[in-house]
Amino acid sequence: MCQRRTGVRAGSGGSMAADEDISLLVIVVDVNPVWWGQQILKESTFTLSKCMDAVLVMGNSHLVMSRNNRLAMIASHSQESRFLYPGKQWKTGSFAESSESSSAESSWSGSTDGKYELLAFGNDIVTEEIKDLMAKTEVRAHLTETLLAGSLAKALCYIHKVNKELDASHELKSRILVIQAAEDSAAQYMNVMNIIFAAQKQNILIDACVLDSESGLLQQAADITGGLYLKIPQLLALTQYLLWVFLPDPEQRSQLVLPPHVHVDYRAACFCHRNLIEIGYVCSVCLSIFCNFSPICTTCETAFRIALPPVLKAKKKKPRHPTLNYLAN
Amino acid sequence: MATSSEEVLLIVKKVRHKKQDGALYLMAERVAWTPEGKDRFVISHMYADIRCQKISPEGKAKVQLQLILHTGDTTIFHFTNENIANAPAKDRDAAKDLLQQLLPKFKKKANKELEEKNRMLQEDPVLFQLYKDLVVSQVISAEEFWANRLTGNSMDNSVSNNKQDIGISAAFLADIRPQTDGCNGLRYNLTSDIIESIFRTYPAVKQKYAENVPHDMTEKEFWTRFFQSHYFHRDRINAGSKDLFSECARIDEKGLKTLVSQGVNNPLVDLTSLEDKSLGEGYGSSSAQSSSKSNKESSNAAIIRRFNHHSAMVLAAVLRKQEMHNDQNSENSSTDGNSRDSDFFQPPVKKVKLQEAIEYEDLGEKNSKKTVALNLKKADRYFHGPTPVQSQHYASSQDIINSVHCIRQEMANYNPRLTQVLSSSVASSALTDLSPGGVLMQGGTSQAINQMVPSDVQMELKHLHVAVAELLRHFWSCFPINTPFLEEKVGKMMNNLERFQMTKLRPFREKLQKLYISTNTRLDPESRCPLHKDFNVILQHSSTFMVTTLKTYSSLVI
């Protein structure tokens, strides 16, 4: 077990979560087949198997931290977003047998290594699902991007559903952990932004753990919702980063020394070229942003008249005193 | 030289100053003296500078007038007019009286401004600090400093300084409780408050008082008579005109009648209907029977009338005072609680009152403002985010096929091995990354500058920043340069900025460098010490303010 530098002790500083609070962690794993396949082709030691192991350890740790903790896992594929955990037939916390239970459940032989039953069962379910998901991967040339927006939306809906199912005595605190491998998809920008603002309204944190290239979207998500963004330098140590940075609850994070906030690039893009600009012109009618001034806004076709300062021509007659030219160079 | 526009209020000839004959001139704003034969003023003092005047005592041979200025200087004028008797004294007295009238006017004005400034400086510590930084160290002059600040504030304060007057307690008459004074006598205790209340409520009594006291009778007598009169007592039957206060009673009666006739300017309120009329009997057509006047009823009516009158007078007394204030401002004076508008405004008031009674706001229709619809030609522009800076990694179709194949293969054989997820070496290297000073924890030290810099240095930096902002505000307010005055001001501000840089910023920077960066022999910005780096940044920011300003100015000047 790793040692914390500042230990979190019961009763020390901050507010310990009440016994009735339920903490729900939803892990969204990016299982983009193209990216992970290329990891294999590059002969990297860090493959999807290792990543799934790390994610399972994280999930188990979260469940073990408290009896009131709950977990959900979503795999974000390029074709679909699938719930890895809880499975479709899984009724929360119970090994409910229904007549139509799938073979996996009824034939489950129980934990083989003395592990806590819940964890063993959960791990098995996840394994089955991920295998099934990846086996059904099809080759589609134009669909190589991860469906991050869909996965996040499913996560939000799941959280909402759990919230509705709780009775009044319990309070739900939830957060989403996104483990992203591939790059941002520009086409999903608007959807992801909407999700971010919806999460902010619902007080749901979005943490981001990025494996390969920096993601502007996830940086914004973490910044707006109050979560943490981290790009990992060593992929093999993913487990360590997950447990150190992302396992603690938001209330406990204030007591810990964690990586500081990243500077987020919030520049807007101009409507004409889609370049990121720092200073621009905004139409006061439709609020569209341009990088150059034009007298007519191309979006709403409003004509603008800006009163330029008067240009005084130098008098050609005998010079009395020099007149000032107001146009700035 | 006396300017022709100055108004000369008084000329006194034959006034000596320092053994020289001359004449004293009292003008609208100053006092001046010129020696005989010359036409230049040798001595001239503004009234605002004069603190007070002194005269030599009566009976002394020399008739003198002394002016003492705020600075402590004294000027003595000797009035000599030998020809006419008592002329010097008269001259001197005339001058003294005029000065007595004029001096207070000017004194207040000067003081008021100073007071205002002092108050502002005391109330706002930031302003005070700014004043100290800029004016005391002579970066800008005091007039420029106060130029924009005084105008707005003085107006508001004079209005808010009006104290609220205390109203009259309606029960003041009841406070005068008589005490039995032994045998058959009553003792009334009158305090000055009660007397004032009586005077304010019943101006007729005040008038009588003014007429009779102290010429005809003493105060005590007046009040004795007042209390003895039937005017005061309950039964107000006019018992002969001998009584001093019967006239008051008559005036009161008249007053009450006018009040009732005025009525309230509210068409829905009818003051004169004193009976409960229901529509029951005769459906309103039968006239009300006038009740027989019994003595008892009339005395009741009298009491009620007196009460009403008393209340009306109490209210009127307060409003009378307001009326005196507002007399200059408005023609429509309000008396007795009625807004007595001039006839011109009569109909709308009635209409407004009727409308108020009929309509309920929340039952009416909601009038939402008519808005203009937004007409967008290219709405799809809003739906796309910024294009990514780095080009997306392009995977050829062969790559895709290969990748998918590989991953499918791999995951088909996936078996979680959770006990072999992490090796200790990898874990400890990750931990070093996450410890302070590690790769991932770089940004954290910038927060500590708050604690590393002592608070007095922070305060000084803040003051400097505020001072620079103030100077820049003066500078930028000169643009666009329309008049030669502004041109001049811009030049002055340039000089001020440069002077500020010399006198304040450079020493501050040097002080910081000496105190905090002395340990580092290599003073290059790339040095590891984050404190040094940050200080440099801070100092640079403050001087870039100035540098960009100077550059802009020089580019604009022709």
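For the structure itself, consult the block above.
Residues numbered from 1 in each chain as written. Chains lettered and ligands numbered in written order. Predicted model: local features only at pLDDT ≥ 70, side-chain atom pairs only at ≥ 80, totals over all residues. Heavy atoms only, no water.

A. Layout of helix α7 (residues 219–228) of chain B. All names here are of chain B. For α7, the complete set of buried residues consists of F222, W223, F226 and F227. Projected down its long axis, α7 carries its buried residues within an arc of 125°, all on one side. Turned more than 90 degrees away from the buried face of α7, the exposed residues are K220 and Q228. Those residues of α7 that are buried are in contact with α5 (192–201) and α6 (203–212). (Buried < 20%, exposed > 50% of the residue type's maximum accessible area, 1.4 Å probe, protein only. Helix = DSSP H or I, 4+ residues; strand = E, 2+ residues; numbered from the N terminus. Arc of directions from axis to C-beta. Contact = heavy atoms within 4.5 Å.)

B. Spatial organisation of the pattern of salt bridges. Residues and elements named next belong to chain A. Applying the stated criterion across every chain, the model contains 17 salt bridges over all chains. For R82, the salt bridge goes to E129, with nearest N and O atoms at 3.3 Å. Highlighted residues: R82 in strand β3 (residues 81–85) and E129 in helix α4 (residues 117–135), separated in sequence by 47 residues. You'll find R82 and E129 in the same group, each marked buried. (Salt bridge = Lys/Arg side-chain N within 4 Å of Asp/Glu carboxyl O.)

C. Quick peek at the sheet that holds strand β2 (residues 20–27) of chain B. Residue and element names in this part refer to chain B. Pairing in this open sheet of seven strands is antiparallel, and the strands run β4-β3-β2-β1-β7-β6-β5 from one edge to the other. Edge strands, defined here as strands with exactly one partner in the open sheet, are β4 (43–46) and β5 (50–55). This sheet shows a mean twist of 30° between the axes of neighbouring strands, independent of strand direction. Where strand β1 (residues 8–17) lies against strand β7 (residues 74–79), two bridges are found, and the strand directions are antiparallel. Pairing of R16 across the sheet is with H78, part of β7. (Pairing = 2+ DSSP bridges. Axes fitted to C-alpha atoms, helices over the stretch in contact; angles between N-to-C directions.)

D. Region of the structure containing the environment of Q234(A). Following the sequence through the fold, Q234(A) ends up in the loop between β6 (229–231) and α8 (238–246). For Q234(A) and F46(A), which are 188 residues apart along the polypeptide, the C-alpha to C-alpha distance reads 9.7 Å. Setting aside residues no more than four positions away along its own chain, Q234(A) makes contact with Y241(A), V426(B), S429(B), A430(B) and D433(B). Within the structure, the side chain of Q234(A) is placed 3.1 Å from the side chain of D433(B), a separation counted as a polar contact. (Polar contact = N/O pair within 3.5 Å; in protein donor to acceptor, adjacent residues only side chain to side chain.)

E. Representation of empty space enclosed by the protein. All names here are of chain A. Scanning all chains against the criterion turns up eight cavities of 30 Å³ or more. Of the voids in this model, the second largest cavity is the one considered here, and its volume is about 70 Å³. Q219, A222, D223, G227, L228, Y229, P260, H261, V262 and V264 together form the lining of the second largest cavity. Ranked by residues supplied to the lining of the second largest cavity, first place goes to helix α7 (residues 216–225) with three residues. (1 Å grid on protein atoms, 1.4 Å probe; cavity = no way out; pocket = protein on both sides within 12 Å on 5 of 7 lines; lining within 4 Å. Points joined across faces, edges and corners; volume = space filled by probe spheres on them.)

F. Quick peek at the packing of aromatic side chains. Considering all chains together, one arrives at six aromatic pairs over all chains under this definition. For the ring pair F83(A) and Y158(A), a centre distance of 5.4 Å and an interplane angle of 50° mean the geometry is tilted. Of the two residues, F83(A) is situated in strand β3 and Y158(A) in helix α5 (residues 148–165); the sequence distance between them amounts to 75 residues. The buried category is assigned to Y158(A), whose relative accessible area is 14%. Their ring planes at 70° and their centres at 5.4 Å tell us that Y25(B) and F41(B) sit as a pair that is edge-to-face. With Y25(B) in strand β2 and F41(B) in the loop between β3 (30–35) and β4, the pair connects residues that are 16 residues apart, well separated along the chain. Assessed through its relative accessible area of 22%, Y25(B) is described here as partly exposed. (Phe/Tyr/Trp six-rings, centres within 6.5 Å; stacked < 30°, edge-to-face > 60°.)

G. Quick look at the interface of chain A and chain B. If you look at the interface, chain A gives 66 residues, while chain B gives 52 residues. Of the roughly 5400 Å² buried where chain A meets chain B, counting both sides, 66% is carbon and sulfur surface. Inspection of the region where chain A meets chain B yields zero salt bridges. Here chain A is connected to chain B by 13 residue pairs in polar contact (both at pLDDT 80 or more). Taken together, the elements giving at least two residues each to the side of chain A that touches chain B come down to α1 (33–41), α2 (48–65), α4, α6 (189–201), β6 and α8 of chain A. Grouping the constituent residues of the side of chain A that touches chain B by class yields 38 nonpolar, 17 polar and eleven charged. (Buried area = accessible area lost by both parts, 1.4 Å probe. Nonpolar A, V, L, I, M, F, W, Y, C, P; charged D, E, K, R; others polar.)

H. Main features of the pairing of β4(B). Residue and element names in this part refer to chain B. Residues I43 and H45 point to one face of β4 and are all buried, whereas S44 and M46, pointing to the other face, are not buried. Pairing geometry for β3 and β4, over four bridges, is antiparallel. Bridged to V31 within β4 is H45.

I. Examining the environment of V28(A) more closely. Residues and elements named next belong to chain A. Looking at where V28 falls in the secondary structure, it is placed in strand β1 (residues 21–30). Taking the C-alpha atoms as reference, V28 lies 4.8 Å from I74; in sequence the two are 46 residues apart. Residue contacts for V28: discarding those within four places in its chain leaves I74, S76, L148, S151, L152, A155, I176, L177, V178 and I179.

J. Summary view of the environment of L211(A). Residues and elements named next belong to chain A. Relative to the elements of secondary structure, L211 occurs in the loop between β5 (205–210) and α7. Accessibility expressed as a relative area gives 5% for L211, which makes it buried. In this structure the C-alpha to C-alpha distance between L211 and L235, which are 24 residues apart in sequence, comes to 6.8 Å. Dropping the residues within four chain positions of it, L211 is found in contact with W35, W36, F46, I179, Q180, A181, K231, I232, L235 and L238.

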